[in-house]
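Examining the three-dimensional arrangement
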Amino acid sequence: MLCWWVTPAAALLKHEIHQTAMSRTDYYNYYFSGDEVEGSSERIRAKNELVYNYIEPYLPPGGPVLELGVGKGYFAALCRERGHSYRGIEASEKQCQRLADEGYHVDCSKVPPLPPVNSGFGLIYSAHLLEHMPDSRTVHQLLLECTKLLQPHGIAAMLFPDATTMKQEFWNCDYTHAYPTTERRVAQAMADAGLEVVAAYHLNGHYTKVRRLLARAGSRPIFLRVALALSRISSLSARRQDLLYRSWMYLQQDILLIAKPQQASEGPRQAGKPPGRL
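All values reported here derive from a predicted model rather than from experimental measurement.

1. Some words on the pattern of salt bridges
Applying the stated criterion to the full structure yields six salt bridges. The partner of R246 in a salt bridge is D242, with the nearest N and O atoms 3.0 Å apart. Remark: D242 and R246 occur in helix 12 (residues 238–250); sequence separation between them is four residues, near one turn of the helix. A residue is classified by how much of its surface remains accessible, and R246, at 23% relative accessible area, is partly exposed. In this structure D242 comes out as partly exposed when scored by relative accessible area, which is 24%. Because the salt bridges share partners, they merge into one network encompassing R45, E49 and E81.

2. Some words on helix 6 (residues 136–149)
Taking 1.5 Å per residue, 14 residues should reach 20 Å; helix 6 reaches 20 Å between its end C-alpha atoms and fits that length. Turning to helix 6, its buried residues number three or more, namely T138, V139, L142, L143, E145, C146, T147 and L149. Against strand 1 (65–68), strand 4 (121–127), strand 5 (150–161), helix 9 (183–192) and strand 6 (195–204) lie the buried residues of helix 6. The N-cap of helix 6, judged by a side-chain oxygen 3.2 Å from the amide nitrogen of R137 a few residues on, is D135.

3. What to know about the confidence of the model for the protein chain
Per-chain confidence: the protein chain averages 84 in pLDDT, with 81% of residues scoring 70 or above. Below pLDDT 50 for its whole length, residues 1–25 participates in three contacts with residues either more than four positions away or in separate chains. When the criterion is pLDDT under 50, residues 269–276 qualifies, and its contacts beyond four places in sequence or with other chains add up to 13 contacts.

4. What to know about helix 5 (residues 93–101)
Among all positions of helix 5, only Q95, C96 and L99 are buried. In a view along the axis of helix 5, the buried residues occupy a sector of 100 degrees, so they form one face of it. Turned more than 90 degrees away from the buried face of helix 5, the exposed residues are E93, K94 and D101. One or two residues past the end of helix 5 sits G103, with phi positive at roughly 95 degrees.

5. Some remarks on the packing of aromatic side chains
Applying the stated rule across the entire model yields seven aromatic pairs. With a centroid separation of 6.4 Å and an interplanar angle of 50 degrees, the aromatic rings of Y52 and F75 are classed as tilted. One end of the pair, Y52, is in helix 3 (residues 40–55); the other, F75, is in helix 4 (residues 74–81), and 23 residues separate them in sequence. Here Y52 matches F75 in class, with each residue buried. Both rings, one in Y86 and one in Y104, keep their centres 6.1 Å apart while their planes meet at 75 degrees; by these two values the pair is edge-to-face. Highlighted residues: Y86 in strand 2 (residues 86–90) and Y104 in the loop between helix 5 and strand 3 (106–108), separated in sequence by 18 residues. For the pair shown, Y86 and Y104 are each scored as buried. Each residue in the set Y52, F75 and Y125 is aromatic and connected to the rest through ring pairs, giving one cluster. Sitting over the face of the ring of Y104, R80 holds its NZ or CZ atom 3.8 Å from the ring centroid.

6. Side note on a nonpolar patch on the surface
There is a patch of nonpolar side chains on the surface, built from I222, F223, V226, L230 and I233 and spanning about 510 Å² of accessible area. Here L230 lies in helix 11 (residues 221–233). For L230, a relative accessible area of 53% translates into the label exposed.

Rules used in this analysis
The residue count restarts for each chain, going from 1 along the sequence in the order it is written. pLDDT decides what is reported in this predicted model: residues at 70 or higher carry local features, side-chain atom pairs at 80 or more are listed and counted, and totals for whole chains, interfaces and linings draw on all residues regardless. The basis for every side-chain value is the complete set of heavy atoms in the structure, and neither hydrogens nor water enter the calculation. The salt bridge definition used is simple: a Lys or Arg side-chain nitrogen within 4 Å of an Asp or Glu carboxyl oxygen. Counting from the N terminus, the helices are DSSP H or I runs at least four residues long and the strands are E runs at least two residues long. Summary of the burial criterion: residues with accessible area below 20% of their type's maximum are buried, those above 50% are exposed, and those between are partly exposed, where the area comes from a 1.4 Å probe applied to protein chains only. Helix span, as expected, comes to 1.5 Å for every residue beyond the first. What makes two residues a contact is simply this: any of their non-hydrogen atoms within 4.5 Å. Residues adjacent in sequence count toward polar contacts only when both atoms are side-chain atoms; beyond that, a polar contact is any pair of N or O atoms within 3.5 Å, and within protein one must be able to donate a hydrogen and the other to accept it. You can read pLDDT as the predictor saying how much it trusts each residue, on a scale of 0 to 100. Directions pointing from the helix axis toward each C-beta atom define the arc. Paired rings are identified among Phe, Tyr and Trp, the last through its six-membered ring, by centres lying within 6.5 Å, and are further divided according to the angle between planes into stacked (under 30 degrees), edge-to-face (over 60) and tilted (the rest). Only when the NZ of Lys or the CZ of Arg is both within 6 Å of the ring centre and within 35 degrees of the ring normal is a charge said to sit over the ring. Only residues above 30% relative accessible area that lack a salt bridge enter a patch, with like-charged residues linked at up to 9 Å and the nonpolar side chains Val, Leu, Ile, Met, Phe, Trp and Tyr linked at up to 5 Å. Methods summary: accessible areas were calculated by the Shrake-Rupley approach with a probe of 1.4 Å, and residue burial reflects only the protein chains presented.

In structure tokens form, the structure reads like this:
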């Protein structure tokens, strides 16, 4: 007789225990604590500058920035340098404290839902966040909340890995990947959230033109397999093999989608065809 409520109650209790356990551990600490490849900070900064240059023609003048998933703060630093009013949301308590110590306004919270923030953002940006969402409904909820917080002519810019080119490495590279991100899937989710894509760019690291073509060629799985095979023959340590893998992952194709509320998607402020792929 009690089964109708005991089973849901037990499931809810199990979920609450799981969430409490997660809050007491350093979930996803691997990303923040792992060794960095030599020169990676400079390359990641250069990639953030490239992304910003793609976004900038679509930014409304003086619009404040909200970043979802601040990470190590590369984009936050860039926004500060460019004079933007900046606010971030980050799930890692350690990172939130570090960023707060550096003077950034960062809310420590998992998303969705978004914590209480004022609306009227000129840019809502996220990099490598959507693929960590558990399912398409969560992605939809997050994008809906973003749409409500934008200015009428504000933009949402989402950077994510291209699961169609990564194939099995999309799952292998990161144990927290759960939602396969592709240009088509994310564009569909944006449309259902009231956003219209006005620009799409494909990136391989921070490289452009001929160097990007070379990086794209180097991102093929055959190069990784050969490199790892040679590293094992030469008795390279597991740590160095991981650094080699991370270097290869940097070459993988990312997609940047820029979208506006559907009633305001009139294209960039500046005349002329923007760089990249529409």
